[in-house]
Amino acid sequence: MASAVKPLGLQAVEARYNDVERHYAETRDIRLLGFVFFLISDCVLFASFIFAYMYLRVSAPAWPPFVDGHQLPWFDTAFAALNSVVLFGSGVTMHFALENWKHLNKQKFNAWLLATIVLGIAFLLGQAHEWSLIKTTWQGSSMGASFFTLTGMHGFHVFVGVIYLTVLGFQANRGVYTGSKYFGLTAGTLYWHFVDVIWVALFFLFYLW
Amino acid sequence: MEAGMHATPALHEHDSDDHIHPPPEGFIRKYVFSLDHKVIGVQYFITGILFMLIGGSFAELIRLQLWKPEGAIMSHEAYNVVYTMHGTPMVWLVLIPLVTGAIGNFVMPLQIGARDVAFPWLNMISFWIVPLSGVVLFSTLLYGGAHAGWTEYPPISLQDGVAGALWCLSIILVGVSSTMTGMNFMVTIIKMRAPGMTWTRMPLFVWATLATALMNMIATVALSAALLALFLEHVYNVPFFDPSRGGSPLLYQHMFWFYSHPAVYIFILPAFGVISEVLPTFARKPIFGYKMIAFSSMAIAILGFAVWAHHMYPSGLAPWIQTPFMILTFAVGVPTGIKIFSWLATIWGGRIQLTVPMLYALAFLITFTFGGITGIFLASVPANLHEHGSYFVVGHFHYVVGGGAVFGFLAGLTYWYPKVTGRMLDERMGKIGFWLFFAGLNLTFLPMHWLGLEGMARRYASYEYFAKTHPDSVFWNQFATVSSFLMVASVALLAVNLIWSLRHGKLAGNNPWGARTLEWMISSPPPYYNFKKIPIVYDRPYDFGEPLPYRNLDHETDPYPAPTRASLAGPAPFPAGA
Amino acid sequence: MTDVAAPKPQEVPTKGLGPGFWPFAIALTVLNVAVALLIYYAPLDFFLPGESNEVADRAADIDALFKFMSAFGFAIFTYVAGFVIYFAIVFRRRRGEPRETIGVQVHDSPTLELWWTIVPVLIIVALIWMSINVWAKVQFGNGSPALTMEVIGHQFYFEYRYPGLKSSVYSNGEAMHLPLGEPVRVLVTSADVLHSFWVPEIRLKATAVPGLVQNVNFTPTRTGSFQIVCAEFCGVDHSVMQGQLIIESPAAFRKWFAGEQTKAVSAAPVSLAGGDAAAGKAVFTQKCAACHAIAPFEQKIVGPGLAKLTDDPKHPTLVDGKPPTPDDIGEILENGYTGPLGAMPNRQATGISDKDIADLVAYLSSLK
């Protein structure tokens with residue numbers, strides 16, 4: 001019950017807000033929180049379709065389901081595992097890209113970023129090949145419906161990520177970011193890791209379960 | 001794409017203007033594509049009211065149709081479109097834009113001492129999606145319209161053709177808007193409160209907005225997923241819900257209700273927040289049980305995610321699933337009950353002024369409690385097996401939505417109108433309008449409860465079979481129809497009041513109600529930058545017996561604000577003399 | 001800037017809980033007790049159809065639950081509404097009172113808050129307990145039924161199928177009959193979109209979902225004629241999708257049943273010549289796939305899987321002890337089937353033509 005006039009920590013508060021750098025850190029902090037919330041809501045999107053897949057699979061009389069009298073084959077793990085390594089590898093390269101930026105190694109940053117983009121494109125091509133191997137269609141069964149929708153959504157996210165990283169690369173080389181102000185690069189890295197995490201879930205659900 | 005960000009500034013007098021951006025210039029920047037949360041709030045309000053007039057007109061078409069058991073004015077086909085286009089806009093283009101978009105946007109940043117929300121650009125885009133989504137929604141009428149209600153269950157909704165696909169698109173769009181607003185508000189509240197405003201010094205409306213924003217951010221995406229799946233089935237024949245290819249109609253219901261149950265808490269929590277502001281102000285005493293109310297808002301937001309299948313009890317759920325959902329559904333009534341009792345204790349021992357906002361708040365306590373109790377009836381699985389799909393449900397949700405969310409919204413509208421416009425609303429029109437709405441709401445929706453229990457099913461374009469065995473149902477339907485026009489009259493009077501008072505209302509001044517939250521410490525209407533100096537907060541706002549807990553206010557303020565003469569209502573709840 | 005020297009506004013104290021608080025509370029309590037007595041002892045047929053002379057055993061169980069909820073619900077509502085009005089009157093600002101007068105500055109009361117948490121929780125626990133008991137009876141309480149029948153929802157009529165009755169009974173024209181006093185299990189499903197099977201006097205309702213079968217179990221306890229209502233939106237004629245349920249003495253029921261059995265089935269069997277397997281596959285996908293998969297017999301959706309129908313010795317004999325022949329398949333498609341495997345609609349219900357039957361037989365026979 002404060003009827004005393006001196007508020008808590010007024011000096012500390014004043015000191016804080018006099019510092020312009022602090023101001024930037026606050027700003028970046030807010031954008032980071034916003035971006036994290038965006039990623040969380042994107043997780044919910046995938047979670048909903050993952051729930052749909054699990055529901056359809058568990059309530060089906062048999063899995064893989066029967067189409068036209070024949071039971072569909074299980075997905076083949078080998079190629080998908082290889083493609084996963086490509087994608088996870090791109091997560092590693094992105095991590096190094098950001099680290100190098102923080103340590104002001106612009107050339108190394110460019111190299112690692114390029115590697116990430118190339119691996120991302122390779123993953124997408126790999127997915128296209130994987131899609132051609134699937135024995136059911138998008139319309140043909142609940143297995144096809146879930147698989148193509150989920151991997152399609154994921155692939156779309158990877159595609160957007162590849163474009164985003166390319167734009168970031170151009171921006172970084174044009175001097176938009178400095179050694180201490182590089183929120184865009186942090187966001188891009190977070191997004192790319194998010195795409196990896198989603199893939200872990202999808203790989204487990206479709207190929208290992 | 002940096003977000004224009006108004007951060008908390010330095011406190012010294014001479015550089016406090018550093019972080020105030022120059023004012024927007026030109027009509028477009030100021031009123032059309034504005035980044036100002038206050039302008040955006042008003043835009044949401046206008047949009048919400050427009051869609052409410054349309055959705056409400058469709059409601060009157062429903063009531064006119066049910067004047068006669070065989071259907072009085074239109075074919076079954078037309079009726080099915082009408083009831084769908086009553087519910088759909090009401091849920092997504094009226095309720096959410098009004099309680100979250102309008103009041104949340106205008107009031108919340110002011111109450112936390114901020115100059116705007118965290119991401120003003122996102123806020124502007126979130127708004128403009130709403131009218132766009134409305135255009136897409138009503139364009140479905142060009143293709144025959146969607147028929148299967150605001151829930152659009154497959155398989156029947158798949159017979160809607162292009163209209164069905166457009167319906168999905170429109171709601172996905174407005175869902176994106178909600179999600180972005182939720183995220184925006186959460187970051188704003190977490191990061192941009194004035195110095196000294198700890199979590200337990202936040203006004204309860206801000207707590208309510210936080211809980212709502214959390215749900216908006218998480219649940220709405222699940223709706224977008226459900227409708228995306230439905231859209232894919234419409235357009236590309238992807239068999240999520242088609243049992244002949246391994247899909248399940250029940251899957252849609254799970255995905256849909258996982259959002260749509262939290263959605264009802266999205267409607268009501270901001271209304272709860274308004275009540276928590278209005279009651280202390282007009283009883284001139286602190287809110288009772290602040291911590292419990294704040295805690296229960298968050299508890300409702302979280303528990304609300306765990307009860308969705310109570311909309312599906314008769315639908316084919318495995319029996320062992322029904323019981324946990326039943327228990328959780330009953331459980332979520334407890335925090336709500338605690339709030340009602342806390343609000344009752346808030347007005348106990350007060351010096352109550354029966355202004356129009358207070359009347360709406362008090363009426364809320366009555367009608368929302370009634371709706372909550374019929375909700376308990378629906379929570380129980382065996383009772384629900386009788387009530388589901390009948391007019392009992394229609395009665396229940398109109399009480400909690402109309403008697404709850406709408407009353408809360410109207411309390412907020414009449415409470416903050418002076419802050420937004422600088423003018424007081426006409427008290428006499430306000431009171432007449434209140435009584436019209438209160439009577440209209442109760443008389444229209446109360447009979448639906450027994451009609452439903454007797455066996456009248458919902459979404460019926462005609463009820464000739466029911467009327468044959470229950471001849472009194474004709475009377476009750478006609479009674480409800482006539483009563484509904486009381487609500488129409490109330491809305492018309494409200495519109496007149498809103499517009500008339502813009503020019504002729506008494507000047508409000510900064511703080512006509514003698515309230516204590518930060519928005520009343522600045523001018524009415526506030527300057528575009530809200531606060532020249534960001535205030536410092538050192539206690540909760542509701543202690544009427546203590547001086548105001550703020551330092552660094554822009555204006556010289558009475559430490560014990562009292563209601564102004566301009567605002568004083570007569571002690572009677574009935575229209576006093578002018 | 002705040003100025004602590006300004007005079008504090010006057011707080012108006014309240015004696016006890018307010019003038020007339022306890023008399024008012026007691027009056028409300030008396031009202032609630034009176035209404036509770038009314039709920040328990042007066043006939044409630046206006047609100048709950050058939051309450052004074054229950055139509056089914058489950059209806060009585062559910063009504064007991066309704067009465068409990070109503071008594072408590074009414075009480076809670078009157079207390080809340082009553083005190084809102086009472087406080088608004090007793091604690092209103094008096095005309096002429098200084099503007100800055102404030103009310104009693106109390107923030108919380110742990111004791112009060114504890115009690116008003118505990119009491120609702122106790123009521124809720126009681127409700128949960130009662131609901132689970134009734135729920136258990138509804139789900140598991142009927143033991144083995146004397147009669148199992150099927151109700152299939154269609155746009156826009158109900159189809160009733162009884163064991164031993166080759167042809168279905170349709171709601172557009174005929175009633176569903178049940179014998180008094182015999183436990184019945186109604187299997188509810190749909191042939192197209194969601195419907196719902198609801199007899200308000202029986203209280204139980206089940207959504208008719210294509211691809212899924214639900215049980216509704218009860219024992220009729222009163223004879224009479226009752227409405228069957230579709231309570232799940234199903235399309236343009238949802239509001240006129242109605243049926244009639246007749247509960248009659250077992251003797252009258254058997255008599256009606258015997259009458260149904262003698263109704264002539266169509267004269268000559270459909271000709272199967274010229275059936276086209278490809279066309280049959282299309283018909284299958286449209287009409288049959290909701291209930292049957294082309295899969296081994298065990299892979300039931302509603303009906304058994306139909307892969308290698310004429311070939312696989314694992315596929316059970318259906319008609320006369322031998323594996324089904326094309327003629328047998330045709331007969332079932334034409335007249336439907338009721339037996340140990342369940343009930344299958346006949347051609348009027350499924351809406352298939354002579355050519356469809358021929359094509360289907362060709363397709364099903366081709367599955368090797």
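Predicted model, so just to flag it, every value in this text is computed and none were measured.

1. Quick word on the overall build of chain C
When you go through chain C residue by residue, the secondary structure sums to 8 helices and 12 strands. The principal-axis extent of the C-alpha atoms belonging to chain C is close to 105 × 60 × 35 Å. Within chain C, buried positions represent 38% of all 368 residues. Taking the intrachain contacts of chain C between residues at least 6 apart in sequence as the baseline, contacts between residues at least 24 apart amount to 68%.

2. So, the overall build of chain B
Counting secondary structure elements, chain B contains 15 helices and 2 strands. A globule of 578 residues ought to have a C-alpha radius of gyration of about 25 Å, and chain B, at 24 Å, matches this closely. By its C-alpha atoms, chain B is 75 × 55 × 45 Å across when sized along the principal axes. Taking the intrachain contacts of chain B between residues at least 6 apart in sequence as the baseline, contacts between residues at least 24 apart amount to 82%.

3. What to know about the environment of Glu248(C)
All names here are of chain C. Locating Glu248 in the fold gives a position in strand β10 (residues 242–248). By C-beta crowding, Glu248 is classed as partly exposed, having 19 other C-beta atoms within 10 Å. Distance from Glu248 to Ser196, taken between C-alpha atoms, is 23 Å for residues 52 residues apart in sequence. Excluding its chain neighbours within four sequence positions, the residues that come into contact with Glu248 are His177, Pro179, Leu180, Thr223 and Phe253.

4. Some details on the domain arrangement of chain C
Residue and element names in this part refer to chain C. Here the domain parsing of chain C yields domain 1 (21–140), domain 2 (147–261) and domain 3 (277–366). The C-alpha-based centres of domain 1 and domain 2 are spaced at 37 Å. Between domain 1 and domain 2, the residue contacts involve 11 residues of the former and 12 residues of the latter. Here the element with the most residues in the side of domain 1 that touches domain 2 is helix α2 (residues 57–90); it accounts for 4 residues. Its residues assigned to classes, the side of domain 1 that touches domain 2 comprises 6 nonpolar, 2 polar and 3 charged.

5. Things to note about the interface of chain B and chain C
The interface of chain B with chain C comprises 89 residues on the first partner and 90 residues on the second. Examining the composition of the side of chain B that touches chain C, we find that 14 residues originate from one element, helix α9 (residues 319–347) of chain B, more than from any other. Residue composition of the side of chain B that touches chain C, by class: 54 nonpolar, 26 polar and 9 charged.

6. Considerations on the sheet that holds strand β1 (residues 147–154) of chain C
Note on sheets: strands pair through backbone hydrogen bonds, and any given pair is parallel or antiparallel. Residues and elements named next belong to chain C. The mixed open sheet is built from 5 strands, whose spatial order is β3-β2-β1-β5-β8. Edge positions in the sheet fall to β3 (169–170) and β8 (214–218), since each has one partner strand and no second. The pairing of β1 with strand β2 (residues 157–161) spans 5 bridges and is classified as antiparallel. Counted as the bridge partner of Gly153 is Phe158 from β2.

7. Comments concerning the environment of Trp192(A)
Residue and element names in this part refer to chain A. Considering the arrangement of structural elements, one finds Trp192 in helix α6 (residues 183–208). Separated by 97 residues in the primary sequence, Trp192 and His95 place their C-alpha atoms 9.4 Å from one another. Ignoring any residue separated from it by four or fewer positions in sequence, one finds Trp192 in contact with Gly91, Met94, Thr116, Gly161 and Leu165.

8. Describing the confidence of the model for chain C
All names here are of chain C. Mean pLDDT over chain C: 87, with 92% of residues reaching 70 or higher. Strand β6 (residues 195–198) holds the highest mean pLDDT among the elements of chain C, 97, whereas strand β11 (residues 337–339) holds the lowest, 65. We note a pTM of 0.90 for the whole complex and an ipTM of 0.92 for its interfaces.

9. Structural notes on the packing of helix α6 (residues 326–335) of chain C against helix α8 (residues 354–366) of chain C
Residue and element names in this part refer to chain C. At their nearest, the axes of α6 and α8 sit 9 Å apart, and the two run at 135 degrees to each other. Relative to α8, the element α6 lies oblique. For the pair α6 and α8, the sense of crossing is right-handed. On α8, the residues touching Pro326, Ile329, Gly330, Leu333 and Glu334 of α6 are Ile357, Leu360, Val361, Leu364 and Ser365. Of the residues that constitute the contact of α6 with α8, the class distribution is 7 nonpolar, 2 polar and 1 charged.

10. As for helix α7 (residues 249–283) of chain B
Given 3.6 residues to a turn, an α-helix orients residues that are three or four positions apart in the same direction. Residue and element names in this part refer to chain B. When the terminal C-alpha atoms of α7 are compared, their 51 Å separation across 35 residues agrees well with the 51 Å that a helix rising 1.5 Å per residue should span. Considering bend angle alone, the principal kink of α7 is centred on Trp257 and spans about 35 degrees. Counting buried residues in α7 gives 34 out of 35 residues, a clear majority hidden from the surface. Arg284 lies just past α7 and shows a positive phi near 60 degrees.

11. Concerning the pairing of strand β5 (residues 184–190) of chain C
Residues and elements named next belong to chain C. Relative to β5, β1 runs parallel, the two being bridged by 7 bridges. Across the sheet, residue Ile152 finds its bridge partner in β5, namely Thr189. Summarising the sheet, β5 and β8 pair through 5 bridges and their orientation is antiparallel. Residue pairing across strands places Arg185 opposite Asn217, the latter belonging to β8.

12. Overview of unusual backbone geometry
Looking along the chain, the bond that leaves Trp63(A) and enters Pro64(A) is cis, with omega of -5 degrees. With an omega of 10 degrees, the peptide bond running from Gln155(C) to Phe156(C) counts as cis. Inspection of the secondary structure puts Phe156(C) in the loop between β1 and β2. In this structure, Glu152(B) is a non-glycine residue whose phi angle is positive, near 40 degrees.

The rules we used
Numbers given to residues run from 1 along each chain, matching the order in which its sequence is written. Numbering of ligands from 1 and lettering of chains from A proceed in the order in which they are written. Residues qualify for local features only when their pLDDT is at least 70, as the model is predicted, and side-chain atom pairs are given and counted only at 80 or more; totals for whole chains, interfaces and linings, by contrast, use all residues. To qualify as a helix, a DSSP run of H or I must reach at least 4 residues; to qualify as a strand, a run of E must reach at least 2; elements of each kind are numbered from the N terminus. Residue burial is a threshold on neighbouring C-beta atoms within 10 Å of the residue's own C-beta, all placed from the backbone, with 20 or more meaning buried, 12 or fewer meaning exposed, and counts in between meaning partly exposed. Our contact criterion uses C-beta atoms placed from the backbone: two residues qualify when those atoms are within 7 Å. Each radius of gyration is computed over the set of C-alpha atoms, and the globule rule expresses the reference value as 2.2 Å times the number of residues to the power 0.38. These domain limits were set by an automatic method or by a database of domain assignments. Residues are grouped as follows: Ala, Val, Leu, Ile, Met, Phe, Trp, Tyr, Cys and Pro are nonpolar; Asp, Glu, Lys and Arg are charged; every other residue, Gly included, is polar. When DSSP locates at least two bridges between a pair of strands, those strands are taken to pair. The score called pLDDT rates the predictor's confidence residue by residue, from a low of 0 to a high of 100. Structural elements are reduced to axes, namely lines fitted to C-alpha atoms, with helices fitted over the stretch in contact, and the angle between N-to-C directions of any two is expressed from 0 to 180 degrees. An angle counts as roughly parallel when it lies under 35 degrees, as roughly antiparallel when it exceeds 145, as roughly perpendicular when it falls between 65 and 115, and as oblique in every other case. When the near helix sits turned anticlockwise from the far one by under a right angle, the crossing is termed left-handed; a clockwise turn instead gives a right-handed crossing. An expected span of 1.5 Å times one less than the residue number is assigned to each helix. Throughout, the bend at a residue refers to the angle made by two axes, fitted to the seven residues ending there and to the seven starting there.

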